[in-house]
Amino acid sequence: MKSTTPKRADIAKENQWKLELLFESEQAWQSALQEAIKSGERVLLYKDTFENPAEVESATLLNCLQAFETFEKQSEKLGQYAFLKKSEDEGNSENIARLSQYIMAMTEISAKLSWFVPALMQIPEDKVRAWIDPSGAEGKAFADYKIFIEKTLYLKVHTLSDREEKMLTLLSESGGTAQRSFSVLTNVDLQFGSITDRGEEKELTQSSFSQFLLSPDRAVREKAYKQFYAGFDAHKNTIASLYIGQVQQNTAMAKIRGYGSARENALYPDKVPVSVYDNLIKSVRDNLEPLHRFYALVQKTLKVEELRHYDVYVPLVAEIRKHTEYTEAVDIITEALQPLGGEYVNTIRSGLLGGWVDRYENQGKRSGAFSSGGFESEPYILMNYKPDVIRDVFTLAHEGGHSMHSWYSVRNNPFLCHDYTIFEAEVASTFNEELLFRSMVKKASDPKERAYLLSIRASDILATLYRQTMFAEFEMITHQLVESGTPLTLDRLRAEYKKLLTAYFGPAMHFEEVSDLECLRIPHFYRAFYVYKYATGISASLALAERVLSGGETERNDYFNFLKSGGSRYPIEALKVAGVDMASPEPVRAACNHFGEIVTELEKALKTIL
């Protein structure tokens, strides 16, 4: 069948991102790559001067930091261009070769520079702190490096000797074996067969599984669900062994570095107390009633005698076919963001229309959407925008939030502390989504459109707040079992996960015998203690959206101060500047209550259209 998707060359220039602002030509990129390699070699020239840490002088450290910054800055820009070019057409051999060339070159030079951070840590701390003291004689010269140095010193207590760090570095690639094996097994080797849907036979894959669960035909959903999990059932012992190995490795690495637990190891670099994780789980657990009410509403709306696990992803309201051209979407988004003021609105509008965004699908283009921010460029957004899909308007607002976070960050921070953490990243994006939702639902005159908007918002918050917290609780349990000396087995994994399914889905749900095998198919479990950040992020963004919309100039400026923080503060501190305390359980409780309010409004809206 001939593809109807246009080739890259057929996409109008005005609908493409302007990567020429990064590099004007391939020759310019290649020249910059060679210069970056030379910059890395210049850092190497300082290595011998750090052999005796106690004798290192402030000028030596400063000059080395400046050389290191130059290399890192060049590397970021080169990598961003190579990554974006590959993303726009992953079938283009030149794009593939360019990214591979970059990775090989930077891996080699970065390995040679791995001595620098441990060497910095070995300089007597009292000397370093005196140099970076703003009131000291050298404070002004070190101003751009103060935060980078402080964050490096914060990690010192869990950094090993140079020899030990080199050993761990050599083991790092093999340490990813469980994750890579899981990915290959579940995405390549596992075959799930095909499903006949509306007279058409379609392949069942990891990707298409979620689409089958959206089918209005319950028989299709049931067959896809059982057939999919049959594949996992056939390989459950192998996959369980991979995950158990990952948990054991996480636990061992935490012990090696002197952490009290694998969870503490994961949270420490962001200076996030373990109590934040505990507050999230407890607060969500204490507020499961709105979630259970939502699932009861699903059962009632679908008119099923018993709600099954394969029923809960069906849209409660059929998708509204509303045509929204890209430029109209930008109009809708910028109108919704008016409470943020002229600078924010004018900047994001100019960017969305003026070269930030690669708008439409083309052959070979990466699927989905993302935002990519760089210190020496405007932020870039990859979209596969479809005018007939309302969710794409929300996706554009979401990625625009990331981009504006980057825009403010690079204009208010030195290079070595401009990059914000993942903990903070989802705040700015979901904040924009919330403002867009409130604006659109307020203006929706069609009852069906209002019900649809409420239904997708409820689903989005559920997936980000409740589901990710359930995953986070499972990760905590599995690691605590190993750390307490309790062996993990396939049966133990399934039993613990079954308890969580029962608690979170509530009394309306009837599970299949294989439902607890879901614990074996979540790829994020191989990046331990990551998913909780989605739940804390949306909790913070909902609290901040309410604060900004109900407040005035002070509240808005507080939010901007958060966006401007970049990586200059630890995430808990940065969010406090914005006006939300994630060390407190209150934002999570408020998010659960907000979800409950949406469920109540959805119940009312459904009565008007069903």
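Higher on the page you've got the structure.
Not measured: the values here are computed from a predicted model. Counting from 1, residues in each chain are numbered in the order their sequence is written. Only residues with pLDDT of at least 70 get local features here, since the model is predicted, and only at 80 or more are side-chain atom pairs given and counted; chain-wide, interface and lining totals rely on the full set of residues. To get the side-chain values, take all heavy atoms of the structure and skip hydrogens and water.

S.K.: Just give me the short version of a negative patch on the surface, but keep the residues and values in it.
M.R.: On the surface, Glu-319, Glu-325, Glu-328 and Asp-388 cluster together into a patch of negative charge. Helix numbers and strand numbers start at the N terminus; a helix is a DSSP run of H or I with at least 4 residues, a strand a run of E with at least 2. Structurally, Glu-319 can be placed in the loop between β3 (307-308) and α15 (326-336). According to the relative accessible area criterion, Glu-319 is partly exposed, its value standing at 34%. Here, patches come from residues exposed beyond 30% relative accessible area and free of salt bridges, joined within 9 Å for like charges and within 5 Å for nonpolar side chains (Val, Leu, Ile, Met, Phe, Trp, Tyr). Note on areas: Shrake-Rupley, 1.4 Å probe, and residue coverage restricted to the protein chains presented here. Here, a salt bridge means any Lys or Arg side-chain nitrogen found within 4 Å of an Asp or Glu carboxyl oxygen. For this count, His and the chain ends are skipped, Lys and Arg are scored as positive, and Asp and Glu as negative. Charged groups are reduced to one reference atom each: NZ for lysine, CZ for arginine, CG for aspartic acid, CD for glutamic acid. Only protein chains enter the accessibility calculation, which uses a 1.4 Å probe. A residue is then buried if its area is under 20% of the maximum for its type, exposed if over 50%, and partly exposed in between.

S.K.: Describe the packing of helix α19 (residues 447-483) against helix α20 (residues 490-505), listing the residues and the values that go with them.
M.R.: Working convention: axes come from line fits to C-alpha atoms, limited for helices to the stretch in contact. Angles between N-to-C directions cover 0 to 180 degrees. Contact geometry of α19 with α20 gives a least axis separation of 10 Å together with a crossing angle of 150 degrees. Taken together, the axes of α19 and α20 lie roughly antiparallel to each other. Taken as a pair, α19 and α20 cross one another with a handedness that is right-handed. Facing α19, whose interface residues are Tyr-466, Arg-467, Thr-469, Met-470, Phe-471, Glu-473, Phe-474, Ile-477, Thr-478 and Leu-481, α20 presents Arg-492, Leu-493, Glu-496, Tyr-497, Leu-500, Leu-501, Tyr-504 and Phe-505. Note on terminology: angles under 35 degrees are roughly parallel, angles over 145 are roughly antiparallel, angles of 65 to 115 are roughly perpendicular, and the others are oblique. Two helices that cross are described as forming a left-handed crossing if the nearer one is turned anticlockwise from the farther one by less than a right angle, and a right-handed crossing if clockwise. Whether two residues are in contact is decided by their heavy atoms: any pair within 4.5 Å suffices.

S.K.: So what's going on with empty space enclosed by the protein? Which residues, and what values?
M.R.: Site definitions follow a grid-based scheme: protein atoms alone, a 1 Å grid, a 1.4 Å probe that fits but cannot get out for cavities, and for pockets an open set with protein on both sides within 12 Å along at least five of seven lines, plus lining residues having an atom within 4 Å of a point. Grid points are joined across faces, edges and corners, and a volume is the space filled by probe spheres set on the points. Under the defined criterion, the tally for this structure stands at 2 cavities of 30 Å³ or more. Estimated volume of the largest cavity: approximately 40 Å³. The wall of the largest cavity is formed by Leu-291, Tyr-295, Leu-462, Tyr-466, Arg-467, Met-470, Tyr-504 and Phe-505. Those elements that place two or more of their residues in the lining of the largest cavity are α14 (289-302), α19 and α20. We call Asp, Glu, Lys and Arg charged. Ala, Val, Leu, Ile, Met, Phe, Trp, Tyr, Cys and Pro are nonpolar, and the rest, Gly among them, are polar. Each residue belonging to the lining of the largest cavity can be placed in one class, and the counts come to 7 nonpolar, no polar and 1 charged. Space inside the second largest cavity adds up to approximately 30 Å³.

S.K.: Residues and numbers for the environment of Glu-51, please.
M.R.: Its place among the elements puts Glu-51 in the loop between α1 (26-44) and α2 (58-88). The spatial distance from the C-alpha of Glu-51 to the C-alpha of Ala-119 is 8.2 Å, given a sequence separation of 68 residues.

S.K.: Any details on helix α18 (residues 422-443)? Residues and values, ideally.
M.R.: Given the number of residues in a helix, its expected span is that number minus one, multiplied by 1.5 Å. Taking 1.5 Å of rise per residue, the 22 residues of α18 would be expected to cover 32 Å, and the 33 Å separating its terminal C-alpha atoms lies within 8% of that figure. Burial analysis of α18 places 18 of its 22 residues in the buried class, which makes it a mostly covered element.

S.K.: An account of the packing of aromatic side chains is requested, with residue identities and associated values reported.
M.R.: Each pair of aromatic rings taken from Phe, Tyr and Trp, with Trp reduced to its six-membered ring, is defined by centres within 6.5 Å and is described as stacked if the planes are under 30 degrees apart, edge-to-face if over 60, and tilted in the remaining cases. Considering all chains together, one arrives at 48 aromatic pairs under this definition. Summarising the aromatic geometry, the rings of Phe-68 and Phe-148 are spaced 6.1 Å apart at their centres and angled 35 degrees between planes, so their arrangement reads as tilted. Taken together, the residues Phe-68 in helix α2 and Phe-148 in helix α6 (residues 146-154) connect sequence positions 80 residues apart. Looking at Phe-68, the relative accessible area reads 9%, which means it is buried. Residue Phe-148 is classed as buried on the basis of its relative accessible area, which comes to 14%. Among the aromatic residues, those joined into a ring-pair cluster are Phe-182, Tyr-243, Phe-471, Phe-474, Tyr-497, Phe-525 and Tyr-526.

S.K.: Go over the pattern of salt bridges with me, naming the residues and quoting the values.
M.R.: What the rule picks out here adds up to 41 salt bridges. With a closest N to O distance of 3.1 Å, Glu-378 and Arg-411 form a salt bridge. Taken together, the positions of Glu-378 in the loop between β5 (370-372) and β6 (380-382) and Arg-411 in the loop between α17 (391-410) and α18 put the pair 33 residues apart, joining distant regions of the chain. Exposure remark for Glu-378: the relative accessible area of 27% places this residue in the partly exposed category. On the accessibility criterion, Arg-411 (40% relative accessible area) is partly exposed. A single salt-bridge network, built from bridges that share partners, covers Arg-8, Lys-85, Glu-88, Asp-358 and Lys-365.

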